[in-house]
Amino acid sequence: MARESLDSCGVRSTLTVSGRELDYFNLTAEVKGLGNINRLPFSLKILLENLLRHEDGEAVTAEDIEAMVNWEPKKPPEREIAFTPARVLLQDFTGVPAVVDLAVMRDAMAEMGGDPSKINPLVPAELVIDHSVQVDSFGRPDSFQLNVEREFERNRERYAFLRWGQSAFHNFRVVPPATGIVHQVNLEYLARVVFESEVEGRLIAYPDSLVGLDSHTTMINGLGVLGWGVGGIEAEAAMLGQPISLLIPQVVGVKLFGALPEGTTATDLVLTITQLLREKGVVGKLVEFYGPGIGQLSLADRATLGNMSPEYGATCAIFPIDSETLEYLKFTARSPEQIALVETYAKAQGLFHTPDSPEAEYSDTLELEMGTVEPSLAGPRRPQDRIPLRRSKEAFAESLKAMTNGAPSGNEGEGELSHGAVVIAAITSCTNTSNPSVMVAAGLLAKSAVERGLQSRPWVKTSLAPGSKVVTEYLEEAGLLSPLNQLGFHLVGYGCTTCIGNSGPLAEPILDAIQEHNLVVCSVLSGNRNFEGRIHRHVRASYLASPPLVVAYALAGRMDIDLYNQPLGQDRDGNDVYLHELWPSQEEIRATLRRAVKSEMFSRKYADVYSGDERWRALPVPEGDRYAWNDSSTYIKQPSFFENMPPDPPPLKDIQGMRVLAMLGDSVTTDHISPAGSIPKEGPAGSYLISCGVSPEDFNSFGSRRGNHEVMMRGTFGNLRLRNLLVPGTEGGYTLHPSSPEPLSIYDAAMKYREEGVPLLVIAGKEYGSGSSRDWAAKGTVLLGVKAVLVESFERIHRSNLIGMGVLPLQFEKGQNRETLGLTGMETYDLLGLEDGLQPAGKLTLRAVADNGAEKIFPVITRIDTPNELAYYRHGGILQYVLRKIGGRR
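Residues numbered from 1 in each chain as written. Predicted model: local features only at pLDDT ≥ 70, side-chain atom pairs only at ≥ 80, totals over all residues. Heavy atoms only, no water.

Asker: Got a minute to help me understand the sheet that holds strand β6 (residues 172–175) in this structure?
Answerer: What links the strands of a sheet is backbone hydrogen bonding, and the strands pair in either a parallel or an antiparallel sense. Within the open sheet, the five strands sit side by side as β6-β5-β4-β9-β10. Their pairing is parallel. Of all the strands in the sheet, the pair left with one neighbour each is β6 and β10 (226–229). Averaged over all pairs of adjacent strands, the angle between strand axes in this sheet comes to 20°, irrespective of strand direction. In the sheet, strand β5 (residues 125–128) pairs with β6 via four bridges, with the strands oriented parallel. Within β6, the residue paired with E126 across the bridge is R173. Packing of helix α4 (residues 143–168) onto the sheet brings it into contact with β5 and β6, and relative to β6 it is tilted by some 145°. (Pairing = 2+ DSSP bridges. Helix = DSSP H or I, 4+ residues; strand = E, 2+ residues; numbered from the N terminus. Axes fitted to C-alpha atoms, helices over the stretch in contact; angles between N-to-C directions. Contact = heavy atoms within 4.5 Å.)

Asker: I would appreciate a short explanation of the nonpolar core in the present structure.
Answerer: When a protein is soluble and globular, its nonpolar side chains tend to lie buried together. The biggest cluster of nonpolar side chains holds 300 residues, and the ones touching the most others in it are F289 and Y768. The element that contributes the greatest number of residues to this core is helix α3 (residues 92–111), accounting for eleven residues. (Core = buried A, V, L, I, M, F, W, Y, C linked by side-chain atoms within 4.5 Å. Buried < 20%, exposed > 50% of the residue type's maximum accessible area, 1.4 Å probe, protein only.)

Asker: How should I be thinking about the environment of G842 in this particular structure?
Answerer: Inspection of the secondary structure puts G842 in the loop between β30 (828–832) and β31 (843–849). Among the residues examined, G842 registers a relative accessible area of 17% and is labelled buried. As a C-alpha pair, G842 and L810 span 32 residues in sequence and 10.0 Å in three-dimensional space. If we skip the residues at most four places from it in the chain, G842 touches V860, I861 and T862.

Asker: I'm lost on the packing of α3 against helix α30 (residues 878–886) in this one. Help?
Answerer: Helix packing for two helices is described by the angle between their axes and how far apart those axes are. Packing of α3 against α30 brings their axes to within 11 Å, and their N-to-C directions diverge by 45°. Looking at the two axes, α3 sits oblique to α30. Relative to α30, the crossing made by α3 is right-handed. Taking contact as the criterion, the partners of D101, M105, A108 and M109 in α3 are, on α30, L879, V882, L883 and I886. Partitioned by chemical class, the residues of the contact of α3 with α30 number seven nonpolar, no polar and one charged. (Parallel < 35°, antiparallel > 145°, perpendicular 65-115°, else oblique. Left-handed = near helix turned anticlockwise from the far one by under 90°. Nonpolar A, V, L, I, M, F, W, Y, C, P; charged D, E, K, R; others polar.)

Keep in mind that these numbers describe shape and distance, not what the molecule does.
As structure tokens, then:
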């Protein structure tokens, strides 16, 4: 239950909207002479309001408010504040284990003698099922029905579990499968922009804000809503009323000028900005867009830029509330009362942007003339590696040379399948399928191609996975769904599909040719992630592109083509057809949008958003406040996180005798650490499922089995492209154990170490843990017995997740790494100083002892950055901390 603010600044005021009176914490009032808050960036004003509204003298103090008001843009972050989001957003891959954790917390609460029903989300928690559909069927009119049927066959138990959660937990709602992608449903329906709730008998208005169990939660920043992705553990704590700890951040302003030139899309803009901001360095910072150019961007374009915030490393990438925000709310059929609340509140708070609004102060700025943006791709492995389309052929040749060590790249496969063949072309992901302009552009290009008699190449697996049902409705209205279908882009599902590795199987002859000839084949997708091994384990080069370019590459069938000067194919008369002949003009796109996209589509499609189809409604709903675990289940298992948990946290001890489980290089992503995509039958996870009587065709994906820790821990560090330096020259989840000269799977080695009572260490380079906000990258790490992770630098979310699971994040001192220190990874390691008192950002001593007795002793920095994080670590994790707090043991 929310409590009244102390309001030591005396800024609580009253607002009248549509005849109703609401309280609010007035940002335009003089805050006790502390300074001019009008200079603060939009995002920091929202954080300030959050502090004012939650001031309690403990989690939020008057000194916290003063520090925010007197924010120094250039000063490195050092003061911690507590941010309490208005709601939590979940998707099913990460949401299922979150609900599993809540269920097992109820069991643990009962074992402690407490009331299990106390474990409930205290803020609205909304879960959208969008990550489970796979592209098993494609290129045929009934692909959608076939994939949905297969989805329910695979996930019936998971979905029944979520239905139990919806009935057992208060404040928890589930959007059923086959509805849309979580971030697009959030943008089109769930987001309020301005919230209202009752606190002690009074209505209070305040900014909508959230944390989400998906790194691309930042897509909602385009609507002026502050939110970002966090780890599952941190989000669960937020659901249970714990504030999010963060340092008052620096804010980088991106000033936009001009407008996008003819022939470019919002995808090209976001790939350009991703590259620029990666080079700038915005990890851990907030990004805010401003300048005259923002008025030239539609709300969907803004959402595209916000979506890829994780790809350039920022915590969020936000736009202000303005007239475009209000127009979008009207367009997506929000109620007149809600729109009036947003407008009145934002204007009263000084949060409403107009062309003559004064510029805020920023920690740093970057300018972009949008007229300089050109058609682009990004790849073959990272979203920030932008390639101008005009040199894509040349860039692929360079990448191919590196991937094949300079071997010839001729036609080495069967038929026309060779290096550079595009075997997957997918219009998928929230990044672009939320944007009608690029979806319509894809449809118009397909229409022109069909009229000229072109077809997608036969080896290309084509798919259309829109972000919401509204997309197919306006494509149908515009007459563009049919030409997309004629090129093989049939509807395969409303979900993330290819972008998260649910690309489904390749045809056997194609897969055989790839493996037999060791071909470097390609995927082109309109997604936001293309990390190595993510899209398909046998596709080594993946490129992000706009939806119309996805269609173009399906027609070409190859990546080693110059789309400016080489034809896509020949028409019925044998004439060459070039991309520029098919590409729609901006006016043609705008005219189609005006004609085909209508507000009533949104009100109609979201009228019964929680009802689901007959399959969903027919699912059995288990009853009871506590979940009845099924020991034979291979989807939902009671995890061991609370086993033998003492009532009080034990004192910290030095960690003696650690062995290195994996020694890794730079840019190790959560895709390398956390299991994702298909489950190989030859690995530990596949062997486990077979031992449970599951046949390989029923393995489903790792993502769908996130509720089973036995599967997930066996897949941790199991990525096909992981390079463990302990076993040089190999790829995959292998390591060495002192008892055997032959490589073992990382899981098998970890279990040997567990039997021997040996704690484990992971050593890596820069940017450790970049990528999606995967809780299992941390959960799997701790279940394997890893006590600490030592790296040159962390990405934000994974570092936080490690602490949330009780794993200590350590960082080399500047200028040091495994190479400068001469570490081989075969040493025994002792971590010293924990018993003397651990402090945020403090230093500990690491002693590495080689087999011959030689010692290396060096300092390491603890990347526990805040007092709250220290409390979580002392308790063994954030859930243990919350459980003890609710049970009165903290």
